[in-house]
Amino acid sequence: MDKKAKFFRRVVANIVIVLVLSGTAAYVAFGKAAPASSDIQPVYNGFSDNHVSLMVNVHQNTPYVDDILHIFSENGVQTTFFTAGIWVSENSPTLKKMFSLGHEIANHGYFQKDHKRLSAARTREEITLTHEIVKKTIGIEMNLFAPPLGSYSSQTVSAAKSLGYTTILWSKELTPSFNSDTVRGGDLILVQPNRSTVDMLDRTIKIIKARGLSITPVSAVL
């Protein structure tokens, strides 16, 4: 083999070595250090043995929201209201009432958007706009986010996390077929402001309490 051929082979071999080492370094720095997007999930329930939450998602039906607040007060319940920014902009007195009654206020995005279809930038915008209007209205910093309709992607959860938010979903939902006897410590129970909720809420609260469970804000259940 002549000298030119040997030189060429050495050059090619060195290039291959550099590429392999670079690829390995990139894998260590970016592949192993960062969790796969499929591992990024919202929180569906807490770990408390004796606390549950009746989490209320609010973006409309304000009269029913007032009814729910009254039932909670009658039963000595303080819980979490996830409020949409557009709703807050039109119902600031009700938000102030929630807060004055000791309820935890959390983020439900600004509009009723399907976050599974939104870019990370749009998700951050929805969360940020709502954060700002709630802070302006009652002076608090929120850190819990419930995506409207329960629709999300790993990108949604990552975008919320980048803003200091934990994404919350639910383990049970209060519907006409709801069975209070199935409630366990750590459950996050979704409550929608509507007529069927108002009709069954008082009885549901009493059954849950009779089973030795405390109804608290989401943060306490987590």
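Heads up: the structure comes first, above all this text.
The shown structure was predicted, so the numbers you read here are calculated from the model rather than taken from an experiment. (Residues numbered from 1 in each chain as written. Predicted model: local features only at pLDDT ≥ 70, side-chain atom pairs only at ≥ 80, totals over all residues. Heavy atoms only, no water.)

### Some words on the packing of aromatic side chains
Two numbers describe a pair of aromatic rings. These are the distance of the centres and the angle of the planes. Definition in use: Between rings of Phe, Tyr and Trp, where Trp is taken as its six-membered ring, a pair exists when centres lie within 6.5 Å; planes separated by under 30 degrees are stacked, by over 60 edge-to-face, and by other angles tilted. Three exposure classes are used, based on accessible area relative to the maximum for each residue type with a 1.4 Å probe and protein chains only: buried under 20%, partly exposed in between, and exposed over 50%.
The full count for this structure, using the stated rule, is 2 aromatic pairs. Aromatic side chains F72 and F81 sit 6.0 Å apart centroid to centroid with 75° between the ring planes, which places their arrangement in the edge-to-face category. Classification of F72 as buried rests on a relative accessible area of 0%. The exposure class of F81 is buried, given its relative accessible area of 0%. Arranged with centres 4.9 Å apart and planes meeting at 75°, the rings of Y110 and F111 form a pair that is edge-to-face.

### Side note on the nonpolar core
Selection rule: Throughout, nonpolar core names a set of buried Ala, Val, Leu, Ile, Met, Phe, Trp, Tyr and Cys residues whose side chains join them through atoms within 4.5 Å. Every helix listed is a DSSP run of H or I at least four residues long, and every strand listed is a run of E at least two residues long, numbered separately from the N terminus. Here, residues are in contact when the closest pair of their heavy atoms is within 4.5 Å.
Formed by 39 residues in total, the largest nonpolar core has its most connected members in L54, F72, F81, M98, I105 and V134. Broken down by secondary-structure element, the contributors of at least two residues to this core are β1 (51-58), α2 (62-74), α3 (85-90), α4 (92-100), α5 (120-138), β7 (188-191) and α7 (195-210). Not counting residues within four places of it along the chain, the set of residues in contact with M98 comprises V58, V65, L69, F81, T83, W87, H103 and I105. Core analysis: the second largest hydrophobic core is formed by 10 residues, A146, I168, L190 and V221 among them.

### Some thoughts on α2
So the rule is basically this: In this scheme, a helix's expected span is set at 1.5 Å multiplied by one less than its residue total. In this description, the arc belongs to the directions extending from the helix axis to the C-beta atoms.
Between its first and last C-alpha, α2 extends 19 Å over 13 residues, near the 18 Å set by a 1.5 Å rise per residue. Along α2, the positions that sit buried rather than exposed are T62, V65, I68, L69, I71 and F72. Here the buried residues of α2 occupy an arc of 165° about the axis, which is enough to place them on one side. When the buried face of α2 is taken as reference, the exposed residues oriented beyond 90 degrees from it are P63 and E74. Where α2 is buried, its residues touch β1, β2 (80-83), α3, α4, β7 and α7. G76 lies just past α2 and shows a positive phi near 65°.

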